[in-house]
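Residue-level structural notes
Listed below are the residues making up each chain.
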Amino acid sequence: MKLIYGSQIFRLPVVKKYDAVCLGRLILFKHEPDGVSQILFNHEMVHQEQMDDHGVAGFYVRYFWYYLRGLIRYQSHDTAYLMNPFEKEAYNKSSSRS
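As a starting point, this report considers the structure included with it. What you see is a predicted model; the values in this text were computed from it and never measured.

Calculation criteria
- Residues numbered from 1 in each chain as written.
- Predicted model: local features only at pLDDT ≥ 70, side-chain atom pairs only at ≥ 80, totals over all residues.
- Heavy atoms only, no water.
- Core = buried A, V, L, I, M, F, W, Y, C linked by side-chain atoms within 4.5 Å.
- Buried < 20%, exposed > 50% of the residue type's maximum accessible area, 1.4 Å probe, protein only.
- Helix = DSSP H or I, 4+ residues; strand = E, 2+ residues; numbered from the N terminus.
- Contact = heavy atoms within 4.5 Å.
- Phe/Tyr/Trp six-rings, centres within 6.5 Å; stacked < 30°, edge-to-face > 60°.
- Axes fitted to C-alpha atoms, helices over the stretch in contact; angles between N-to-C directions.
- Parallel < 35°, antiparallel > 145°, perpendicular 65-115°, else oblique.
- Left-handed = near helix turned anticlockwise from the far one by under 90°.
- Nonpolar A, V, L, I, M, F, W, Y, C, P; charged D, E, K, R; others polar.

**Remarks on the nonpolar core**
- With 15 residues, the main nonpolar core has Phe-10, Phe-29, Leu-40, Phe-59 and Tyr-63 as its most contacted residues.
- Breaking this core down by element, the ones donating at least two residues are strand 2 (20-23), strand 3 (26-29), helix 1 (38-54) and helix 2 (56-74).
- Sort the elements by how many residues they give to this core and strand 3 lands first, with three residues.
- The residues contacting Phe-10, other than those within four sequence positions of it, are Val-15, Lys-16, Tyr-18, Asp-19, Ala-20, Val-21, Leu-28, Phe-29 and Lys-30.

Following this line, the structure appears as structure tokens:
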């Protein structure tokens, strides 16, 4: 796993509203290390654990399936994202590890 802080990827419209993104075994953070909360770091580490459990490809297949299902159901990107079981688990575990 590799961590990149201050990534320029967050200038792109698709990801500019997020503070971090997990791309396989690469975690990109919008801010430098002193601007990354422990909760955010923990959240991304939960995604790494999910990839360990499901495999990288298996994680992304399931993740996008849940997201698309939520998008159809809720008609909202934000709600589909927040209702994704992988995100729910990451939010729950990341705040309990702080």
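Additional details are given in the paragraphs that follow.
**So, the packing of aromatic side chains**
- Within the structure shown, the criterion is met by eleven aromatic pairs.
- Between Tyr-60 and Phe-64, the ring centres sit 6.2 Å apart and the planes meet at 20 degrees, which makes this aromatic pair stacked. Within this pair, Tyr-60 and its partner Phe-64 are both found in helix 2, separated by four residues, close to a single helical turn.
- When the centroid spacing of 5.6 Å and the interplanar angle of 75 degrees are considered together, the rings of Tyr-63 and Phe-64 count as edge-to-face.
- Following the ring pairs from residue to residue traces out a cluster consisting of Phe-59, Tyr-60, Tyr-63, Phe-64, Tyr-66 and Phe-86.

**Structural notes on the packing of helix 1 against helix 4 (residues 85-96)**
- The contact between helix 1 and helix 4 brings their axes to 8 Å, and the two run at 130 degrees. It follows that helix 1 is oblique to helix 4 by the angle criterion. Crossing angle aside, the handedness with which helix 1 passes helix 4 is right-handed. Contacts from Ile-39, Asn-42, His-43, Val-46, His-47, Gln-50 and His-54 of helix 1 reach helix 4 at Phe-86, Glu-87, Glu-89, Ala-90, Tyr-91, Lys-93, Ser-94 and Ser-95.
- Per-class residue counts for the contact of helix 1 with helix 4 are five nonpolar, seven polar and three charged.

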